[in-house]
Amino acid sequence: MSGSSRDSYIMIHILNKHVLFRYIVAGGTSATIDLILLYILNSIWGIQYLISAILAFIVAFFVSFTLHKLWTFKTDEMYKTHHQVGLYLITSLFGLSFNTLLMYIFVGFFHLPVILSQIFAGGIVACYSFFLSRKFVFKWKEKA
């Protein structure tokens, strides 16, 4: 392994130990899927932007839950999955409602482009979602 590859590996290994880093990567992956689907549904297939945002959100929900459960918060106890997915669904539905309201405001009143509006709305929703997921859904605790 070359020096720069080894350094990159070490940095990723160190960052992987931090829950916020894992949350950003998992959330970024889900957000990317959400944006790609939103673009395809709205811009290519011509589906109305709010419906497109909801459909994209649903797909991103399953990606997000899986990544956060198994990697971000490392709660692999399968017996808790039904309870966690229920709590995550509740927080996500609130997030979807808030996201949809923000999209309506950004696109309908401020006339921002749909994708830019989703980036802003998604960022706002992600901030509150991190704390709800950490404290209530996955009940993550820092390991000593």
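Keep in mind it's a predicted model, so treat the numbers as computed, not measured.

1. Focus on unusual backbone geometry
Thought 1: Even without glycine at this site, H111 takes up a positive phi of about 55°.
Thought 2: Within the element layout of this structure, H111 appears in the loop between helix 4 (81-109) and helix 5 (114-137).
Thought 3: Classification of H111 as exposed rests on a relative accessible area of 64%.

2. Focus: the side chain of S92
Thought 1: For S92, the location among the structural elements is in helix 4.
Thought 2: Not counting the four nearest positions on each side in its chain, S92 is found in contact with F57 and F61.

3. Thoughts on the packing of helix 2 (residues 19-44) against helix 5
Helix-helix packing is characterised by the crossing angle of the two axes and by the distance between the axes.
Thought 1: Close contact between helix 2 and helix 5 brings their axes to 10 Å; oriented N to C, the two are set at 145°. Crossing handedness for the pair helix 2 and helix 5: right-handed. Within the contact between the two elements, helix 2 uses V19, L20, Y23, D34, L35, L38, Y39 and N42 and helix 5 uses V114, I115, Q118, I119, A126, S129, F130 and R134.

The rules behind each value
- Just so you know, the residues in each chain are numbered from 1, in the order the chain's sequence is written.
- A pLDDT threshold of at least 70 governs which residues receive local features in this predicted model, and a stricter bar of 80 or more applies before side-chain atom pairs are shown or counted, although totals over entire chains, interfaces and linings include all residues.
- Computation of side-chain values covers all heavy atoms of the structure but excludes hydrogens and water.
- Counting from the N terminus, the helices are the DSSP runs of H or I reaching at least four residues and the strands are the DSSP runs of E reaching at least two.
- The buried label applies to any residue whose accessible area, calculated with a 1.4 Å probe on protein chains only, is under 20% of its type's maximum; exposed applies above 50%, and partly exposed to all values in between.
- Note on contacts: a residue pair is in contact if any heavy atoms of the two residues lie within 4.5 Å.
- Every axis in this analysis is a line fitted to C-alpha atoms, fitted for helices over the stretch in contact. Angles between the N-to-C directions lie between 0 and 180 degrees.
- By definition, any crossing whose near helix is turned counterclockwise from its far helix by less than a right angle is left-handed, and any crossing with a clockwise turn is right-handed.

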